[in-house]
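# An overview of the molecular structure
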Amino acid sequence: QVQVVESGGGLVQAGGSLRLSCAASGYTFTMYTMGWYRQAPGRQRDLVATMTKEGSTNYGNSVKGRFTISRDNAGNTVYLQMNSLKPEDTAVYYCNVRPRGWSTRDYWGQGTQVTVSS
């Protein structure tokens, strides 16, 4: 069974930086896609960034130029470097992994809180 664990959230002032990490275990091969989504109170869960095992990336419009996704394929680990944080980035950040390209089956972490104060 695939398990997904995030870390690295916290409280930061506007303009600051945070780095999130996510490790997926329980799968022998390299995850097809790994990425991040976020959900603020009363809002839907939105895309932050995803990356395929080949390195193709997809970013949400609101984070382009400020956030960078990267991954360590050997360890099935994905990172999110968040710079120039804004109060509107405040949300619970969820890691999502999809093991196989031919299947939509995916797995979520428990989420990590990111709070940006003004």
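In this text, all values refer to a predicted model and were calculated from it rather than measured experimentally.

Moving residue by residue along a regular strand, the side chains alternate between the two faces of the sheet. Judged by which residues are buried, strand S1 (residues 3-7) turns out to be one-sided: Val4 and Glu6 face inward and are buried, whereas Gln3, Val5 and Ser7, on the alternate face, are not. Bridge count between S1 and strand S3 (residues 18-25): five bridges; the pairing is antiparallel. Bridge pairing links valine 4 to alanine 24 in S3.

Take the nonpolar core next. Counting residues in hydrophobic clusters, the biggest one holds 30 residues, and the most contacted among them are Trp36, Leu80, Met82, Tyr93 and Val97. Dropping the residues within four chain positions of it, leucine 80 is found in contact with Leu18, Arg19, Leu20, Trp36, Val48, Ala49, Phe67, Thr68, Ile69 and Tyr93.

Overall, the coordinates contain two salt bridges when judged by the stated rule. Its salt-bridge partner being aspartate 89, residue arginine 38 comes within 2.9 Å of it at the nearest N-O pair. Of this pair, arginine 38 sits in strand S4 (residues 33-39) while aspartate 89 is found in the loop between strand S8 (77-82) and strand S9 (91-98), placing the two residues 51 residues apart along the sequence. By relative accessible area, aspartate 89 is classed as buried at 1%.

Moving on, we get to the packing of aromatic side chains. Counted according to the given criterion, the structure contains three aromatic pairs. A centroid spacing of 5.2 Å and a plane angle of 65 degrees characterise the contact between tyrosine 37 and tryptophan 108, whose relative ring orientation is edge-to-face. Of this pair, tyrosine 37 sits in strand S4 while tryptophan 108 sits in strand S10 (residues 107-108), and the two are 71 residues apart along the sequence. Residue class for tyrosine 37 comes out partly exposed when judged on its relative accessible area of 23%.

Rules of the game
- Residues numbered from 1 in each chain as written.
- Predicted model: local features only at pLDDT ≥ 70, side-chain atom pairs only at ≥ 80, totals over all residues.
- Heavy atoms only, no water.
- Buried < 20%, exposed > 50% of the residue type's maximum accessible area, 1.4 Å probe, protein only.
- Helix = DSSP H or I, 4+ residues; strand = E, 2+ residues; numbered from the N terminus.
- Pairing = 2+ DSSP bridges.
- Core = buried A, V, L, I, M, F, W, Y, C linked by side-chain atoms within 4.5 Å.
- Contact = heavy atoms within 4.5 Å.
- Salt bridge = Lys/Arg side-chain N within 4 Å of Asp/Glu carboxyl O.
- Phe/Tyr/Trp six-rings, centres within 6.5 Å; stacked < 30°, edge-to-face > 60°.

Distances and angles like these do not, on their own, reveal function.
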